[in-house]
Amino acid sequence: MTQYEAAVARYFEAWNATAAEELAKAVAAAWADGGSYTDPLADVRGHEGVAAVIAAAHEQFPGFEFRRTGVVEGHHDVARFRWELVSLADGSAPVAGSDVITLDGDGRIRTVTGFLDRMPTA
């Protein structure tokens, strides 16, 4: 497993954590101190901010999990990958996107820039 794949695996562990304590630990393992997450709907810094965005996604989409689609591509300290938000009940995936992450020297996430490729209509 490359450093990029390992970082993305920790990223998905955080996004799929639902219990508050598990989520806090997963975010701390994936993100560097002061790391950030930015997408069209959020712009947060720090472990607490990232955990709050993840918790809000689970509140909006209970019974769903985030899954990587395709390969992780990386060079230098940057990686990109695609993902879907998948219903555990029926396999539908109403939300999909792609993210670009930068890593610190320890392989933890410094920044996430997310793009939403598919969203449900309100």
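Just so it is clear, the structure is predicted and the values come from calculations on it, not from any experiment.

A. Spatial organisation of the side chain of His58. Tracing the backbone through its elements, the reader meets His58 in helix H3 (residues 46-60). Given the relative accessible area of 14%, His58 is considered buried.

B. The arrangement of the packing of aromatic side chains in detail. Counted by the stated rule, this structure contains 9 aromatic pairs. The interplanar angle of 85° and the centroid separation of 5.4 Å between the aromatic rings of Tyr11 and Phe12 together place this pair among those described as edge-to-face. Chaining the aromatic ring pairs together yields one cluster made of Tyr11, Phe12, Trp15, Trp31, Tyr37, Phe66, Phe81 and Trp83.

C. Representation of the sheet that holds strand E1 (residues 31-39) in the model. Sheet architecture is open: 6 strands sit in the order E2-E1-E6-E5-E4-E3, paired in mixed fashion. Both outer strands of the open sheet, strand E2 (42-45) and strand E3 (64-75), are each paired with one neighbouring strand and no more. Strand-to-strand, the axes of this sheet are offset by a mean angle of 20°, without reference to chain direction. Summarising the sheet, strand E4 (residues 78-87) and strand E5 (residues 95-103) pair through 8 bridges and their orientation is antiparallel.

D. Focus on the layout of surface pockets. As a volume, the largest pocket reaches approximately 320 Å³. What lines the largest pocket is a set of 18 residues, among which Trp15, Asp39, Leu41, Val53 and Ala57 lie closest to the centre. Looking at the lining of the largest pocket, the elements with two or more residues in it are helix H1 (3-15), E1, H3, E4 and E5. With 4 residues, the top contributor of residues to the lining of the largest pocket is H3.

E. Molecular detail of unusual backbone geometry. Phi at His76 takes a positive value of approximately 50°, unusual for a residue other than glycine. By the element assignment, His76 lies in the loop between E3 and E4.

F. View of the pattern of salt bridges. All chains considered together, the criterion is met by 8 salt bridges. In this structure, Arg80 and Glu73 form a salt bridge, with 2.8 Å as the shortest nitrogen-oxygen distance. With a relative accessible area of 39%, Glu73 lands in the partly exposed category. Here Arg110 makes a salt bridge to Asp77, at a shortest N to O gap of 2.5 Å. One end of the pair, Arg110, is in strand E6 (residues 109-118); the other, Asp77, is in the loop between E3 and E4, and 33 residues separate them in sequence. What makes Arg110 partly exposed here is its relative accessible area of 36%. You can call Asp77 partly exposed: its relative accessible area is 30%.

The rules behind the values
Residues numbered from 1 in each chain as written. Predicted model: local features only at pLDDT ≥ 70, side-chain atom pairs only at ≥ 80, totals over all residues. Heavy atoms only, no water. Helix = DSSP H or I, 4+ residues; strand = E, 2+ residues; numbered from the N terminus. Buried < 20%, exposed > 50% of the residue type's maximum accessible area, 1.4 Å probe, protein only. Phe/Tyr/Trp six-rings, centres within 6.5 Å; stacked < 30°, edge-to-face > 60°. Pairing = 2+ DSSP bridges. Axes fitted to C-alpha atoms, helices over the stretch in contact; angles between N-to-C directions. 1 Å grid on protein atoms, 1.4 Å probe; cavity = no way out; pocket = protein on both sides within 12 Å on 5 of 7 lines; lining within 4 Å. Points joined across faces, edges and corners; volume = space filled by probe spheres on them. Salt bridge = Lys/Arg side-chain N within 4 Å of Asp/Glu carboxyl O.

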